[in-house]
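Notes for the structure review
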Amino acid sequence: PEASNHWESQHHGTVNLKEKVPPAVTNAGSPTTKQWGEELKKLLSLAGQSTTTSNMPGLLLGDELPNFEVETTAGTVKLHEYFGDSWGILFSHPRDYTPVCTTELGRVARLSGEFSKRNVKLIALSVDNLEDHHGWSKDILAYNYEKSEGSELPYPIIADSKRELAVTLGMLDPVEKDKDGMPVTARCVSVFIIGPDKKLKLSILYPHTTGRSFDEILRVLDSLQLTAQKRVATPTEWMPGGCVMVPPNMPEDEAAALFPIGVFSKELPSGRKYLRYTPDPLDRKGCEPPPAEPELPTNARHIPYQTPTSRSSNYSKH
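This one's a predicted model, so the numbers in the text were calculated from it and none came from an experiment. (Residues numbered from 1 in each chain as written. Predicted model: local features only at pLDDT ≥ 70, side-chain atom pairs only at ≥ 80, totals over all residues. Heavy atoms only, no water.)

**Observations regarding unusual backbone geometry**
Glycine aside, the phi torsion of most residues is negative, and most peptide linkages are trans. Applicable threshold: Elements are defined by DSSP. Helices are runs of H or I of four residues or more, strands are runs of E of two residues or more, and each kind is numbered from the N terminus. Buried means the residue's accessible area, taken with a 1.4 Å probe over protein chains only, is under 20% of the maximum for its type, while exposed means over 50%, and partly exposed covers the values in between.
With a phi angle near 60 degrees, tyrosine 97 is a residue other than glycine that sits in the positive phi range. Looking at where tyrosine 97 falls in the secondary structure, it is placed in the loop between strand S5 (87-92) and helix H5 (99-110). Judged by its relative accessible area of 44%, tyrosine 97 is partly exposed. Positive phi outside glycine occurs at arginine 163, with the angle close to 65 degrees. With respect to the secondary-structure elements, arginine 163 resides in the loop between strand S7 (157-159) and helix H8 (164-168).

Below you can see the structure in the form of structure tokens.
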């Protein structure tokens, strides 16, 4: 339809794509990647969109966490020194005394022992001040049915009153500011997993209305730590002890040498052997293969799949 050839642009009105895209792209044939890239930049420019990330704050995977010196409920720390040689999780929230974040920080407190087992240090972030942080901490502990007198959360909370770290991490909108020139609009709550090399390994952004599942964060962390040590990948819904996947570009002889307990493939209509499984190399007790698969070696013990619910019940009491 003719309407599908037009693109409403905030800055330039209606753009007719047929008029703006050269025949090399719209005609039959396969344009090169370079052609597509050049024309995409033109279209984004017409629509008033930038083709760079200079106006899009936030860390990308592989970026190094800035070594900010921050004020926290446990004193002044530098982030690199705080995390040391450990893995780290920095999780942000927009304001103190907010209902969803209270439940989240309470859950993290309950799971702090599980994170410690994985050599993970935790730190939270808010733009509110230290006084509010300390007061809110008592509410969080009360939510967990723990006495607030003389108790502290098992992790510090950063008081990012100047919003420097929040903007760098993409938590606040740098454009909208208050009368003092401070960014005011919180656009997400975030989880950042930092490796021992201080580089970002994973980030997840959530809207304010959806509470984060830190049982899922533990599952993801298990996968990140496993795949940092071993040349494997983890499939959907993977849990520790379950089957892992062999990279598709790994030759069969190399896979056999790396995974002596066995590698098995799922037969597919394409005939391609890219769905290859092997037991968790850190568990080495076998795993439950997908249906209708060749059996694992007799020395491999089958481990039933654990649902997230059954796994979380092993972490702490709800």
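We are not done yet, so read on.
**Here's the deal with the packing of aromatic side chains**
Given two aromatic rings, one states the distance between the centres and the angle between the planes to describe the pair. The criterion, for reference: In this scheme Phe, Tyr and Trp rings, the latter by its six-membered ring, pair at centre separations within 6.5 Å, and the angle between planes marks the pair as stacked below 30 degrees, edge-to-face above 60, and tilted otherwise.
Enumeration over the complete set of coordinates arrives at four aromatic pairs. Ring geometry for phenylalanine 91 against tyrosine 155: centres 5.5 Å apart, planes inclined by 70 degrees, an arrangement best described as edge-to-face. With phenylalanine 91 in strand S5 and tyrosine 155 in the loop between helix H7 (130-143) and S7, the pair connects residues that are 64 residues apart, well separated along the chain. Taking the centre distance of 5.6 Å and the plane angle of 70 degrees together, the rings of phenylalanine 91 and phenylalanine 214 count as edge-to-face.

**Considerations on helix H9 (residues 214-229)**
For an α-helix, the turn length of 3.6 residues means that residues three or four places apart are oriented alike. Operational definition: Here, expected helix span is obtained from the residue count minus one, scaled by 1.5 Å.
Look at H9: 23 Å from first C-alpha to last across 16 residues, which is about the 22 Å you get at 1.5 Å a residue. In terms of burial, H9 is largely enclosed, as 12 of its 16 residues are buried. Three or more residues of H9 are buried, namely Phe214, Asp215, Ile217, Leu218, Arg219, Val220, Leu221, Asp222, Ser223, Leu224, Gln225 and Leu226.

**Focus on the sheet that holds strand S10 (residues 244-245)**
Working definition: the strands of a sheet are paired by backbone hydrogen bonds and lie parallel or antiparallel to each other. Short version of the rule: For two strands to be treated as a pair, DSSP must find no fewer than two bridges joining them.
Overall, antiparallel pairing links the three strands, which are arranged S10-S12-S11 in an open sheet. The open sheet is flanked by S10 and strand S11 (264-265), the only strands paired with a single partner. One ladder, built from two bridges, connects S11 with strand S12 (residues 276-278); its direction is antiparallel. Across the sheet, residue phenylalanine 264 finds its bridge partner in S12, namely tyrosine 277.

Purely geometric numbers; function is a separate question.
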